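Reading the structure
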Amino acid sequence: MRWLLLICLSLSSLAYEAPQIWAVDGASLAFSRTQIEAQLGPARGDRPLKRSFAGETWEYTYANGLKVDFRDRDRGRHAMALVGRRFTSRGRLMCQAGVRREQFIELMGEAPLAQDEDQVVYYDQARLAYLTVYFIEGKAAEFVLSRFRVDQ
């Protein structure tokens, strides 16, 4: 009976955290702070963003310009939000800052979850991740990958 319970729990955890296929500037939401620093080098700056009864949120900036928000300063904590200028899917560069809005929607291959004149939002149901792209004068300025919807 114990083995059956362990198998069910492990299968449900696999279903909950599907492998991340979206990445921004070389990092995904599945990466911990340690993994991001192993790939991109140490952060060149950090700053507290928000403090609440549940803890504090910190933003780290890396040499390639990537900004990452973490729940606290724990190096094993996974990223909450990534803000960058290059968007990849399955390890392949999809587009980068400067891509036209129409091109981006065409590259994604489906209609966005939400959009207005300066942003487009996609949601990956299997990975529980939102991708928000901000546009200035019809061209992408930055890509935000997060566990929560930032456009609301």
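See the structure above.
What counts, and at which threshold
- Residues numbered from 1 in each chain as written.
- Predicted model: local features only at pLDDT ≥ 70, side-chain atom pairs only at ≥ 80, totals over all residues.
- Heavy atoms only, no water.
- Helix = DSSP H or I, 4+ residues; strand = E, 2+ residues; numbered from the N terminus.
- Buried < 20%, exposed > 50% of the residue type's maximum accessible area, 1.4 Å probe, protein only.
- Contact = heavy atoms within 4.5 Å.

Tracing the chain through its elements places F104 in helix 3 (residues 101-108). Since its relative accessible area comes to 0%, F104 is described here as buried. Along the backbone, F104 and V120 are 16 residues apart, and their C-alpha atoms lie at a distance of 9.3 Å. Filtering out sequence-adjacent residues up to four positions away, F104 remains in contact with F87, C95, V99, V120, Y122, L131, V133, F135 and F143.

Turning to unusual backbone geometry, a few remarks are in order. Here R90, not a glycine, exhibits a phi torsion of approximately 55°, which is positive. Tracing the sequence through the fold places R90 in the loop between strand 6 (86-89) and strand 7 (92-96). Although it is not a glycine, E137 adopts a positive phi angle of roughly 50°. Inspection of the secondary structure assignment puts E137 in the loop between strand 10 (129-136) and strand 11 (139-146). By relative accessible area, E137 is classed as exposed at 77%.

Remember that the coordinates give geometry; whether it matters functionally is a separate question.
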